[in-house]
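Chains, contacts and geometry: an overview
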Amino acid sequence: MKQIIGIVLLPILLLTGCAREETTWREQDDNEGMSWQEQYNLGVRYLTEGNYREAVLAFTAAIEIEPQKPEAYIGRAQAAVFSGETEENLSAARADYEDARDLGGTSAEVWLGLADIYIRAGEYDEALETLKEGLDKIGHDEAIIEKIAELEGLKALVVDDDFNTCDSVTKM
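Residues numbered from 1 in each chain as written. Predicted model: local features only at pLDDT ≥ 70, side-chain atom pairs only at ≥ 80, totals over all residues. Heavy atoms only, no water.

Things to note about the overall build of the protein chain
When helices and strands are counted, the protein chain shows eight helices and zero strands. Shown N-terminal to C-terminal, the secondary structure of the protein chain runs as helices and strands in the order α-α-α-α-α-α-α-α. Taken over 172 residues, the protein chain has a buried fraction of 29%. Contacts in the protein chain between residues far apart in sequence, at least 24 positions, make up 43% of those at least 6 positions apart. Total accessible area on the protein chain stands at roughly 11,400 Å², and carbon and sulfur atoms take up 55% of it. (Helix = DSSP H or I, 4+ residues; strand = E, 2+ residues; numbered from the N terminus. Buried < 20%, exposed > 50% of the residue type's maximum accessible area, 1.4 Å probe, protein only. Contact = heavy atoms within 4.5 Å. Areas by Shrake-Rupley, 256 points an atom, 1.4 Å probe, with all protein chains shown as cover.)

A short note on a negative patch on the surface
There is a patch of like negative charges on the surface, built from Glu-126, Glu-129, Glu-133 and Asp-136. Relative to the assigned elements, Glu-129 resides in helix H7 (residues 124-138). (Patch = residues over 30% accessible without salt bridge, like charges linked within 9 Å, V, L, I, M, F, W, Y side chains within 5 Å. Salt bridge = Lys/Arg side-chain N within 4 Å of Asp/Glu carboxyl O. Lys, Arg positive; Asp, Glu negative; His and termini not counted. Charge placed at Lys NZ, Arg CZ, Asp CG, Glu CD.)

Considering the packing of aromatic side chains
Considering all chains together, one arrives at three aromatic pairs under this definition. Centroid distance Tyr-52 to Phe-82: 5.6 Å. Interplanar angle 45 degrees. Geometry classified as tilted. Here Tyr-52 is found in helix H3 (residues 52-65), whereas its partner Phe-82 is found in helix H4 (residues 70-82), with 30 residues between them in sequence. Here Tyr-52 falls in the partly exposed class, since its relative accessible area comes to 25%. On the basis of relative accessible area, Phe-82 is assigned to the partly exposed category, the value being 49%. An aromatic cluster is built from Trp-36, Tyr-40 and Phe-59, whose rings are joined through pairwise contacts. (Phe/Tyr/Trp six-rings, centres within 6.5 Å; stacked < 30°, edge-to-face > 60°.)

Quick notes on the nonpolar core
In this structure, Ala-72, Ala-93 and Tyr-97 are the most contacted members of the largest nonpolar core, which totals 36 residues. When residues of this core are traced back to their parent elements, those giving at least two are helix H2 (36-49), H3, H4, helix H5 (87-102), helix H6 (108-120), H7 and helix H8 (142-171). When residues of this core are assigned to their parent elements, the largest contribution, eight residues, is made by H6. Ignoring sequence-local partners within four residues, the contact set of Tyr-97 consists of Ile-74, Ala-77, Gln-78, Glu-109, Val-110, Gly-113, Leu-114 and Ile-117. (Core = buried A, V, L, I, M, F, W, Y, C linked by side-chain atoms within 4.5 Å.)

Things to note about the confidence of the model for the protein chain
The predicted model of the protein chain has a mean per-residue pLDDT of 80, with 73% of residues at 70 or higher. Here residues 1-30 scores under 50 on pLDDT; set against residues more than four positions off or in separate chains, the count is zero contacts. Every residue in residues 165-172 is under pLDDT 50, and counting partners more than four places away or in other chains gives zero contacts. (pLDDT = per-residue confidence, 0-100.)

Description of the packing of H4 against H5
In contact at an axis separation of 8 Å, H4 and H5 are set at 165 degrees when each is read in the N-to-C sense. In terms of their interaxial angle, H4 and H5 are classed as roughly antiparallel. Considering only the axes of H4 and H5, their crossing is left-handed. Residue-level inspection shows Pro-70, Tyr-73, Ile-74, Arg-76, Ala-77, Gln-78, Ala-80 and Val-81 of H4 in contact with H5, the latter providing Asn-89, Leu-90, Ala-93, Asp-96, Tyr-97, Asp-99 and Ala-100. (Axes fitted to C-alpha atoms, helices over the stretch in contact; angles between N-to-C directions. Parallel < 35°, antiparallel > 145°, perpendicular 65-115°, else oblique. Left-handed = near helix turned anticlockwise from the far one by under 90°.)

Regarding the packing of H4 against H6
If you want to describe how two helices pack, look at the angle between their axes and the distance between the axes. Where H4 meets H6, the axes come as close as 11 Å, and the angle between the chain directions of the two elements is 30 degrees. Compared by their axis directions, H4 and H6 come out roughly parallel. The interaxial crossing formed by H4 with H6 has left-handed handedness. Seen from H4, the contacting residues are Ile-74, Gln-78 and Val-81; seen from H6, they are Glu-109, Val-110, Asp-116, Ile-117 and Arg-120.

Here it is as structure tokens:
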């Protein structure tokens, strides 16, 4: 009796397994027909889960669907930065933030993200100018104002430290 049950259940289990695999394949096919919003949302989900490679792919798909929307460029830039601070990732992020800015991105994320790339590259003056430009474009934004103050404070410390170093050298 147990053999008969095993013989009957085995094909059912095998067919169920095949059906599940086929569903996964169909889900992958469905991703190709996704809308911009669905691809963008998928990118955001991957980004928040820390799956940066998949986030880049989803945001890229969204950009291919509607290249005039800056939000996907911002998301892809963030995913590139979070993927690791390599020259390639920072360069890709910089290009995406610049594209988002050029498309009229009015989010503070554009300006803060681009400034962050400049800071990581040691280009503090460029970061400061970018933040000031962003403030002019989008108006009052507390995060941008705080970052400007932080950079100006850092710049003052560097200048003061350089002055003190020069001063102490001349006193010797």
